[in-house]
Structure formats: C-alpha cells, structure tokens
Amino acid sequence: MKSEVTELLGIKYPIIQGGMAWVAEHNLAAAVSNAGGFGIIGVANAPAEWVRDEIRKAKELTDKPFGVNVMLLSQHADEVAQAVAEEGVKAVTTGAGSPEKYMKMWKEAGILVIPVVASVALARRMERVGADALVAEGMESGGHIGAQTTMTLVPQIVDAVNIPVIAAGGIADGRGFAAARMLGADAVQMGTRFIVSKESIVHEAYKERVLKARDIDSEVTGMSTGHPVRCLRNQMTREYLKLEKEGASFEELELMTLGTLRKAVVEGDVTRGTVMAGQSAGLVKQEQTCSEMIEEIMDQAKKLLKEA
C-alpha cells in the first residue's frame, strides 16, 4: 500500500512504530523495519553515546530504513542531535518542543524531520520551519498526551498543512488504520501494540498487563501539572491521583514517578511502576512477531478500504 509516507521513507507499509522510552530500542526498531514498517529508536533522556550505540546495533540487524525519536527537553538534546546527524538515520521524529535549531544540521545530513504534534497551531509552525511530515497524535495514545482526540485532530491537521500527516493515538488494528486513512492520514504510528511483540525487550509482566487490559483500564495522571501522562491504572496511579486531588506540589508528584517507567519496563514492577500504554491496549490480545502484526493489520485494512 503506497502513500506519500512510504515513498518518503522508502518503506513497504505505511506503519511507523512509536518512539517509546525504554521500550523502543534497537531490537524492536530493526524488527519493525524488517517487517516492512518504519522502526524508531526512542531516546528519551539517554546520553549521546547510548544513542550512537543503539543506531549501530540496529544497522547490524537491518538494512532497511529506520529512525530515532529525539525528546527535545532532554538535557542531552544538543549532543544527541549531533550524534544522530553523524551516525545517519533515515528520519528523526521529535517531541516536547520545536526541532528548528537542529533542522539545518539534520537536513544537511540527509535526515528527514517528522515532529509529533498535538495541535493545528504547532502543525502549521512545524511546516513553516521545514518539517517533511508530521505525526498528529491524539490523546488516546500512551505516555505524554495532548488534549485533542485522534478522530478530530487528524482531519484538522490534514486540512491545515500541505505535508504528509501520520495519524497516532488509539490505533492498533486494521480498522484503526483504515479509519486513519479515511481521515486523510498517509500513514499511522502505533506504540502500544508493538509493546507486546515477540521482539520487544519489555518485561513479560508489563506485556501481560497490556494483554489483559480492558477498555476502562487506562488512566491519565498529571492533568493538574500540565504534563498529562496516560498509563494503565495500578497502585501507583491510585496514590498519585489521590495526592494530585489533594493539591500536592509538582515537585512532590514528579518525585513520586521518578524512575518508575524503567521499574515497569525493565524490572516488571507493574504495581509501583508506570505502565505506559494507550487506550488501544484493550484491543491488543496476543503476542506476535512484528511481521505478523503488520501483515494482519494490512490485510484487514485493505479489505475494509476496498469495501468503503
């Protein structure tokens, strides 16, 4: 299934893997790319040398295009941006800010820049500063979220810009893919479903929590702080929301979640850790290889779009 995004990225299928912190490392990125999608290494707050190492390891596992997600609020952002330019990847996705200061360097290195946006205003700004495409991410997604839903955000951004738009948030199967295409998106980005892929290094307890999630099992913490995060409810979220309701300070709330994502992903503590996942977790029912996931999604989507 060709689109502007498949041509731009040089991939078989218009499916991009989300740059999830602690989850999206070289094994997952390479597996998604080998399956015909576009794998992404999630940098989060990691230092530049870790990023260099991950890029090199991914290149050993795949000869297909892949990318890196750069979190612009990271204290290492400048060094990471430089490392990405020097190591070379097909594209960079960015979050938590504007990549404008790195745009020239990345473009000169032949790297495409695809910011993640949660509003029409930011989408227009990113197009003005030279973005090659955009990820329009609705609040159904896991991790840090905006305030608009995918269903309403995607078509408004499609109407507002002249560059390709990738839909994200709440998409986990061929139905979501087909719906995104009908909204005008050229591709989709998925994170939650890839968490439970066989190539994912996520702890089995984390995977099991996602697989057993119901439609009502996701919770949003941090609404009062201006930094909302969607994750699956557990003891940690209950305590956090109680403190938040009682008016706890931003510092107190931040301290409570410090290191908890790693605790869940790496150590498998799904009680006290932060189990980031989107509302689509309720649609994820089995562990499969990335190739099996992508082929299943594309088969279902093609049938639906043919009948539309």
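Heads up: the structure comes first, above all this text.
All values reported here derive from a predicted model rather than from experimental measurement. Along each chain, residue indices are assigned from 1 in the same order as the chain's sequence is written. Two thresholds apply to this predicted model, a pLDDT of at least 70 for residue-level local features and 80 or more for giving and counting side-chain atom pairs, whereas whole-chain, interface and lining totals are computed over all residues. Water and hydrogen atoms were dropped before computing side-chain values, which therefore reflect all heavy atoms in the structure.

**Section: the overall build of the protein chain**
Alright, step 1. Looking only at helices and strands, the protein chain features 14 helices and 11 strands.
Alright, step 2. For the protein chain, the C-alpha radius of gyration of 18 Å lies close to 19 Å, the compact-globule estimate for 308 residues.
Alright, step 3. The principal-axis extent of the C-alpha atoms belonging to the protein chain is close to 50 × 45 × 40 Å.
Alright, step 4. For the exposure calls, accessible area comes from a 1.4 Å probe over protein chains only, and a residue counts as buried if that area is under 20% of its type's maximum, exposed if over 50%, partly exposed in between. With 308 residues in all, the protein chain has 53% of them scored as buried.
Alright, step 5. A sequence separation of at least 24 residues applies to 61% of the contacts in the protein chain between residues at least 6 apart.
Alright, step 6. By element, 50% of the accessible surface of the protein chain is carried by carbon and sulfur atoms, the whole surface being about 13,400 Å². Put simply, DSSP marks the helices as runs of H or I at least four residues long and the strands as runs of E at least two long, and each gets a number from the N terminus on. We compute the radius of gyration from the C-alpha atoms alone; for a globule the expected value is 2.2 Å times N to the 0.38, where N is the number of residues. Contacts: residue pairs with any heavy atoms within 4.5 Å of one another. Surface accessibility in these figures is a Shrake-Rupley result with a 1.4 Å probe; residues are shielded only by whichever protein chains are displayed.

**Overview of the environment of Gly170**
Alright, step 1. Mapped onto the elements of the fold, Gly170 is located in the loop between β8 (165–168) and α8 (174–182).
Alright, step 2. Separated by 20 residues in sequence, Gly170 and Thr150 have C-alpha atoms that sit 7.4 Å apart.

**Concerning the pairing of strand β2 (residues 39–42)**
Alright, step 1. Burial along β2 is two-sided: the residues Gly39 and Ile41 and Ile40 and Gly42 are all buried.
Alright, step 2. Relative to strand β3 (residues 66–71), β2 runs parallel, the two sharing four bridges. Following the sheet pairing, Ile41 is matched in β3 by Val68.
Alright, step 3. Crossover handedness is defined here as right-handed if the route from the first strand over the helix to the second strand goes clockwise, with the strands pointing away from the viewer. In the classification by handedness, the crossover that spans β2, the intervening helix α3 (residues 48–61) and the parallel β3 is right-handed. Any two strands with at least two DSSP-identified bridges between them are counted as paired.

**Focus: unusual backbone geometry**
Excluding glycine, a negative phi dihedral is what most residues carry, and trans is how most peptide bonds are arranged.
Alright, step 1. The phi dihedral of Ala44 falls on the positive side, at around 55°, and the residue is not glycine.
Alright, step 2. With respect to the helices, strands and loops of the structure, Ala44 is situated in the loop between β2 and α3.
Alright, step 3. Residue Ala96 is not a glycine yet carries a positive backbone phi of 60°.
Alright, step 4. Along the chain, the position of Ala96 falls in the loop between β4 (91–95) and α5 (100–108).

**A word on the pairing of β8**
Alright, step 1. Of the two faces of β8, the one holding Val165 and Ala167 and the one holding Ile166 and Ala168 are both buried throughout.
Alright, step 2. Both strand β6 (residues 134–137) and β8 contribute to a ladder of four bridges, which runs parallel. Residue Leu134 lies in a different strand from β8, and its bridge partner there is Val165.
Alright, step 3. Bridge analysis of β8 against strand β9 (residues 187–190) gives three bridges, and the strand direction is parallel.

**Quick word on the sheet that holds β3**
Across a sheet, strands are paired by hydrogen bonds formed along the backbone, either parallel or antiparallel in direction.
Alright, step 1. Pairing within the open sheet is parallel, and its eight strands lie in the order β1-β9-β8-β6-β5-β4-β3-β2. Two strands bound the open sheet, and with one partner strand each, they are β1 (15–17) and β2. Adjacent strand axes in the sheet meet at a mean angle of 25°, parallel and antiparallel pairs treated alike.
Alright, step 2. Alignment of β3 against β4, held across five bridges, turns out to be parallel. Residue pairing across strands places Val68 opposite Val92, the latter belonging to β4.
Alright, step 3. In the packing of α5 onto the sheet, contacts are made with β3, β4 and β5 (112–117), and the angle to β5 comes to roughly 145°.
Alright, step 4. Across the face of the sheet, helix α7 (residues 150–160) comes into contact with β5, β6 and β8 while running at roughly 150° to β6. For helices, the fitted line uses only the C-alpha atoms of the stretch in contact; every axis is such a line through C-alpha atoms, and the angle between N-to-C directions lies from 0 to 180 degrees.

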